[in-house]
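Residue-level structural notes
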Amino acid sequence: MGEKQLQTVVLLFGGRSSEHEISCVTAAGVLHAIDETRFRVIPVGITKSGATVLVDADRLDGFRLDGDELPHVDDNGSRVLWPASATTRELSVIDADGTIRSLGDIDVVFPTLHGPFGEDGTVQGLLELVDLPYVGSGVLGSALCMDKHAVKTILADSGVAVAPWNTVTRAQMAQDPSRIDRLDEGLAYPLFVKPARAGSSVGVTRVVEPEGLPAAVEIAFAEDSIVLVESGVIGREVEIAVLGGRHGGPTRTSTVVGEIVFSGRDFYDYEAKYLGASGVDLELPAKVTDDELRALQHAAAEAFELAQCGGLARVDFFLTDAGPVLNEINTMPGFTPISMYPSLWAASGLEYTDLITELIDLALEQD
């Protein structure tokens, strides 16, 4: 009996968003842990200017956020060519010297892209056009969950508890600068001012008084043309992991939740998430009652399905005395070996390498 043929996975990372570096680190984690007895990996990077290049796997070895140089995708002169139509799955590359060569047929794409131009349905639409299976949510689920205003509107209309919020666009502010004085109407301080379509707490500011709103809004506008102003919710900040169901089965949730515990930091910002800044501890598993766990699992699965997510998501909640209040759905959460999403599954009995395999199998199942 011959050897089992490896399935070919395109690991797609980098991208044009401000989360480019985080995406690179996520890709390195996946590459180093993927089951090499089942999968052959082709690393494909997207530069900050949007060029799609072939990356040497060894280049990912040095990808760390705390190193001397932030990881990034270099424009090495190559250009990856996606399949020419839905009738083929052949990936090709134009090398820097102009030579065109085939990289063979691919079975699935694993995007580890965070933020706009990757996690928002744009890349998913590209892959749909050429009929390539891919890990994660589809076009609608990706786009919806990336837009905090849109997803909160859908979920709130469906009866899911979310934090109260107001939304403003850059055009509205330009037309009526006095609108800044009304952005906190109906809301309770402290407020959290966020770009509508960014992640990893990029551009987020905690505001404790009206005088702080103008500067916070400008910081958020640097990331997006739509900004949310949300009430702070009194409750424990907890996170739960979700996996799509297999073979038409029910949506799955982790059997434990994680909690973000603050000890001298106002909120879970970028520095705390990725650079190990002090003042925040992650407790896993968090101490919750059986009833609280069931409520969180139910709310996470319901939100995942209402938002038409697929594959994976991390759902973040405020656990209040009245029950869970949904904060965000992350369709491509941090995915390094120590990130919360894989850690939640590891604590639930599904280790990192097996989780990667499960996500790829889920994508292939939809093919």
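Going along each chain's sequence as written, the residues are numbered from 1 onward. The model is predicted, so local features are restricted to residues of pLDDT at least 70 and side-chain atom pairs to those at 80 or more, both for listing and for counting; the totals for chains, interfaces and linings are taken over all residues. As a rule here, side-chain values come from all non-hydrogen atoms in the structure, and water together with hydrogens is ignored.

The next subject is the overall build of the chain. Scanning the chain for helices and strands turns up 10 helices and 17 strands. Considered along the principal axes of its C-alpha atoms, the chain spans approximately 65 × 50 × 40 Å. For every residue, the accessible area (1.4 Å probe, protein chains only) is compared with the maximum for its type, and the residue is labelled buried under 20%, exposed over 50%, or partly exposed between those bounds. Here the chain holds 367 residues, and 53% of them are scored as buried. Residues are treated as being in contact if the distance between any of their heavy atoms lies within 4.5 Å. Residue pairs in contact within the chain that sit at least 24 positions apart in sequence constitute 64% of those at least 6 positions apart. Residue burial considers only the protein chains on display, and all accessible areas are found by Shrake-Rupley using a 1.4 Å probe. In the structure as shown, the chain presents an accessible area of about 16100 Å², 50% of it carried by carbon and sulfur atoms. Only DSSP runs of H or I with at least four residues qualify as helices, and only runs of E with at least two residues qualify as strands; both kinds are numbered from the N terminus onward.

Turning next to the sheet that holds strand β1 (residues 7-14). Strands belonging to one sheet form pairs held by backbone hydrogen bonds; the direction of such a pair is parallel or antiparallel. Spatially, four strands are ordered β3-β2-β1-β7 in an open sheet, and the strand pairing comes out mixed. The two strands at the open ends of the sheet, each matched to only one other strand, are β3 (52-54) and β7 (108-111). With direction set aside, neighbouring strand axes in the sheet form an average angle of 30°. Where strand β2 (residues 39-46) meets β3, three bridges bridge the pair, whose relative direction is antiparallel. Each bridged residue has a counterpart across the sheet, and for Val-44 the counterpart in β3 is Leu-54. Axis definition: a line fitted to C-alpha atoms, limited for helices to the stretch in contact. Angles are taken between N-to-C directions and run from 0 to 180 degrees. Against the sheet, helix α10 (residues 352-365) touches β1, β2 and β7, its axis set at about 130° to β7. Any two strands between which DSSP finds at least two bridges are classified as paired.

Looking now at the sheet that holds strand β10 (residues 205-207). What the four strands build is an open sheet, ordered β8-β11-β9-β10; its pairing is antiparallel. With partners counted over all chains shown, the strands left at the sheet margins are β8 (165-169) and β10, one partner each. Averaged over all pairs of adjacent strands, the angle between their axes in this sheet comes to 25°, without regard to strand direction. The pairing of β8 with strand β11 (residues 226-231) spans five bridges and is antiparallel. By the bridge assignment, Trp-165 is partnered in β11 with Glu-230. The sheet strands contacting helix α6 (residues 213-221) are β8, β9 (191-195), β10 and β11, and the helix crosses β9 at an angle near 25°.

UniProt positions are given in the numbering used here, feature names are shortened, and annotations may be inferred rather than shown by experiment. The sites that UniProt annotates as "active site" (unreviewed entry) are Glu-19, Ser-200 and Ser-339. Mapped onto the fold, Ser-339 is located in the loop between β17 (323-330) and α9 (340-347). Classification of Ser-339 as buried rests on a relative accessible area of 12%. For the purposes of these results, a polar contact is taken to be a pair of N or O atoms within 3.5 Å, where, inside protein, one atom must be able to donate a hydrogen and its partner to accept one; residues adjacent in sequence count only when each atom of the pair is a side-chain atom. A distance of 3.4 Å separates the side chain of Ser-339 from the backbone nitrogen of Phe-335, its partner in a polar contact.

A helix is expected to reach a length of 1.5 Å times the quantity of its residues less one. A rise of 1.5 Å per residue sets the reference length of helix α1 (residues 20-33), with its 14 residues, at 20 Å; its end C-alpha atoms lie 21 Å apart and thus fit the reference within 8%. Among the 14 residues of α1, 13 are classified as buried, and the element is accordingly described as predominantly covered.

The subject of this paragraph is the packing of helix α3 (residues 139-146) against helix α4 (residues 148-157). The geometry of a pair of packed helices is captured by two quantities: the angle between their axes and the separation between those axes. One can describe the packing of α3 onto α4 by two numbers: an axis separation of 5 Å at closest approach and a directional angle of 100°. In terms of axis orientation, α3 runs roughly perpendicular to α4. Together, Leu-144, Cys-145 and Met-146 of α3 and Lys-148, Ala-150, Val-151 and Ile-154 of α4 make up the contact between the two elements. For this classification, Asp, Glu, Lys and Arg are treated as charged, while Ala, Val, Leu, Ile, Met, Phe, Trp, Tyr, Cys and Pro are nonpolar and the rest, including Gly, are polar. Along the lines of polarity and charge, the residues of the contact of α3 with α4 split into six nonpolar, no polar and one charged. Roughly parallel covers angles under 35 degrees, roughly antiparallel covers those over 145, roughly perpendicular covers 65 to 115, and oblique covers all other angles.

Following the sequence through the fold, Thr-8 ends up in strand β1. Note on Thr-8: relative accessible area 5%, which makes it buried. Of the polar contacts made by the side chain of Thr-8, one reaches the side chain of Arg-40; its length is 3.2 Å. With near-sequence residues (within four places) excluded, Thr-8 lies in contact with Arg-40, Ile-42, Asp-105, Ile-106, Asp-107 and Val-108.

This part is about the pairing of β11. Taking burial as the measure, the six residues of β11 include six buried ones, the bulk of the element. Both faces of β11 are covered, namely the face carrying Ile-226, Leu-228 and Glu-230 and the face carrying Val-227, Val-229 and Ser-231. Direction of pairing for β9 relative to β11: antiparallel, over a ladder of five bridges. From the neighbouring strand, Pro-195 faces β11, where its bridge partner is Val-227.

Salt bridges are identified by distance alone: a Lys or Arg side-chain nitrogen within 4 Å of an Asp or Glu carboxyl oxygen. One pass over the structure, following the stated rule, counts 19 salt bridges. As a salt-bridge pair, Arg-314 and Glu-239 come within 3.3 Å of each other at their nearest N and O atoms. With Arg-314 in strand β16 (residues 312-320) and Glu-239 in strand β12 (residues 236-243), this pair connects stretches of sequence that are 75 residues apart. Classification of Glu-239 by relative accessible area gives buried; the value is 4%. Residue Arg-246 is joined to Glu-358 by a salt bridge in which the shortest nitrogen-to-oxygen separation is 3.0 Å. Of this pair, Arg-246 sits in the loop between β12 and β13 (252-253) while Glu-358 sits in helix α10; the two residues are 112 residues apart in sequence, bridging distant segments of the chain. A single salt-bridge network, built from bridges that share partners, covers Lys-152, Lys-194, Glu-230 and Glu-328.

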